[in-house]
Amino acid sequence: FIQHPTQKMDYGYFNQLLGREIDQPFWGTRTEHIVGVAACLAVTDHTSQHFFSKYLGRPLCFAKSPAAFVAHTFLFIFSGVAVYCGLDSAFNPAHEGRRMDEFKSSAYCTYVGTNTAWFEPYVAPALAKVAGPTIAGTWFGSALLPATLAYSTVKGVGWYDWGNSGLNDHEMKLNGLDNKTE
């Protein structure tokens, strides 16, 4: 919603629940992206936390190790999104014949976008100053808001994915922007 507040999005198979036409049931849809990126980020976040905690000799904590936590943030976001890009490049039928080019392009966008996520660990402390520690300590303030803002900058800056930019062909059609006669 942050990046495409007025656009109709392509959720593949789930479009039917929204009364929208289905182009592809999974590959190349927002559903593939949401599920794929979330799964890859969950794995790389936990893996990175494990290794940083082992290196530090204590649980990774922003308050006690801010530099390590910021490094962890960059590492897990870049790794997770790059793994997703690799899997999408390898298995998405739309990339047939240009899989390596797709991966290189996506990996570069991942790198560019990930550099904008440095602020993620600072969201909850900043929210605590503005709205109080109770709100900052909730799941919303300490997890959902930072992750949502970081995702928006990584995807928005890395792929220039704002408004009508970044829509796939089916989303362009759903929004009347395809200029094709059928």
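First things first, this report covers the structure right here in the doc. (Residues numbered from 1 in each chain as written. Predicted model: local features only at pLDDT ≥ 70, side-chain atom pairs only at ≥ 80, totals over all residues. Heavy atoms only, no water.)

### A closer look at the overall build of the chain
Counting its secondary structure elements, the chain contains 7 helices and 0 strands. Listing every helix and strand of the chain by position from the N terminus yields α-α-α-α-α-α-α. Taking the principal axes of its C-alpha atoms as reference, the chain extends roughly 60 × 40 × 25 Å. Residues classed as buried in the chain amount to 37% of the 182 residues present. Just so you have it, the chain exposes about 10,700 Å², and 66% of that area is on carbon and sulfur atoms. Side chains of the chain give 13 positive and 15 negative charges; the mean places of these two sets differ by 10 Å. (Helix = DSSP H or I, 4+ residues; strand = E, 2+ residues; numbered from the N terminus. Buried < 20%, exposed > 50% of the residue type's maximum accessible area, 1.4 Å probe, protein only. Areas by Shrake-Rupley, 256 points an atom, 1.4 Å probe, with all protein chains shown as cover. Lys, Arg positive; Asp, Glu negative; His and termini not counted. Charge placed at Lys NZ, Arg CZ, Asp CG, Glu CD.)

### Re helix H4 (residues 123-131)
Of the positions making up H4, those classed as buried are Val123, Ala124 and Leu127. Looking straight down H4, one finds that the buried residues subtend no more than 90 degrees of arc, so they occupy a single side. Packed against the buried residues of H4 are helix H5 (133-136) and helix H6 (139-159). (Arc of directions from axis to C-beta. Contact = heavy atoms within 4.5 Å.)

### With respect to the packing of helix H1 (residues 30-56) against helix H2 (residues 66-91)
Across the interface, H1 lies against H2 with an axial gap of 8 Å and an inter-helix angle of 140 degrees. Like other packed secondary-structure pairs, H1 and H2 cross with a definite hand, here right-handed. Tallied by class, the residues present in the contact of H1 with H2 amount to 14 nonpolar, 8 polar and 3 charged. (Axes fitted to C-alpha atoms, helices over the stretch in contact; angles between N-to-C directions. Left-handed = near helix turned anticlockwise from the far one by under 90°. Nonpolar A, V, L, I, M, F, W, Y, C, P; charged D, E, K, R; others polar.)

### Details of the packing of aromatic side chains
For any pair of aromatic rings, the description consists of the separation of the ring centres together with the inter-plane angle of the planes. Evaluated as defined, the whole model comprises 7 aromatic pairs. Here Phe74 and Phe78 contribute two aromatic rings whose centre-to-centre distance is 6.1 Å and whose plane-to-plane angle is 5 degrees, an arrangement assigned as stacked. Of this pair, Phe74 and Phe78 both sit in helix H2, 4 residues apart, which is roughly one turn of that helix. The partly exposed category is assigned to Phe78, whose relative accessible area is 26%. (Phe/Tyr/Trp six-rings, centres within 6.5 Å; stacked < 30°, edge-to-face > 60°.)

### Here's the deal with the side chain of Ser89
Turning to its location among the elements, Ser89 is positioned in helix H2. Note on Ser89: relative accessible area 3%, which makes it buried. If sequence neighbours within four positions are ignored, Ser89 has contacts with His95, Arg99, Glu102 and Phe103.

### Let's talk about the pattern of salt bridges
One pass over the structure, following the stated rule, counts 6 salt bridges. A salt bridge links Arg99 to Glu96; the shortest N-O distance between them is 2.8 Å. The class of Glu96 is exposed, set by a relative accessible area of 57%. Residues joined in a network through salt bridges with shared partners are Arg30, Lys155, Asp161 and Glu171. (Salt bridge = Lys/Arg side-chain N within 4 Å of Asp/Glu carboxyl O.)

### Points about the nonpolar core
Val37, Cys40, Phe76, Ile77, Val81, Tyr84, Cys85, Ala117, Ala150 and Val154 together form the largest nonpolar core, which totals 10 residues. In terms of residues, this core owes the most to one element, H2, which gives 5 residues. For Tyr84, the contacting residues outside a window of four places in its chain are Glu32, His33, Gly36, Val37 and Cys40. (Core = buried A, V, L, I, M, F, W, Y, C linked by side-chain atoms within 4.5 Å.)

### Structural notes on the side chain of Lys155
Along the chain, Lys155 falls in helix H6. If we ignore the near neighbours within four places in the chain, the residues touching Lys155 are Gln3, His33, Tyr160 and Asp161.

### Things to note about the environment of Cys61
Of note, Cys61 is situated in the loop between H1 and H2. Once residues lying within four places of it in the same chain are set aside, the contact partners of Cys61 are Pro66 and Phe69.

### A word on a nonpolar patch on the surface
A contiguous nonpolar patch, built from Phe26, Trp27, Ile34, Val35, Val83, Leu87 and Phe91 and spanning about 630 Å² of accessible area, is present on the exposed surface. Among the elements of the structure, H1 and H2 are those that each provide at least two residues to the nonpolar patch. Among the elements that make up the nonpolar patch, the one with the highest residue count is H2 (3 residues). (Patch = residues over 30% accessible without salt bridge, like charges linked within 9 Å, V, L, I, M, F, W, Y side chains within 5 Å.)

Scope: geometric values only; no functional claims are made or implied.
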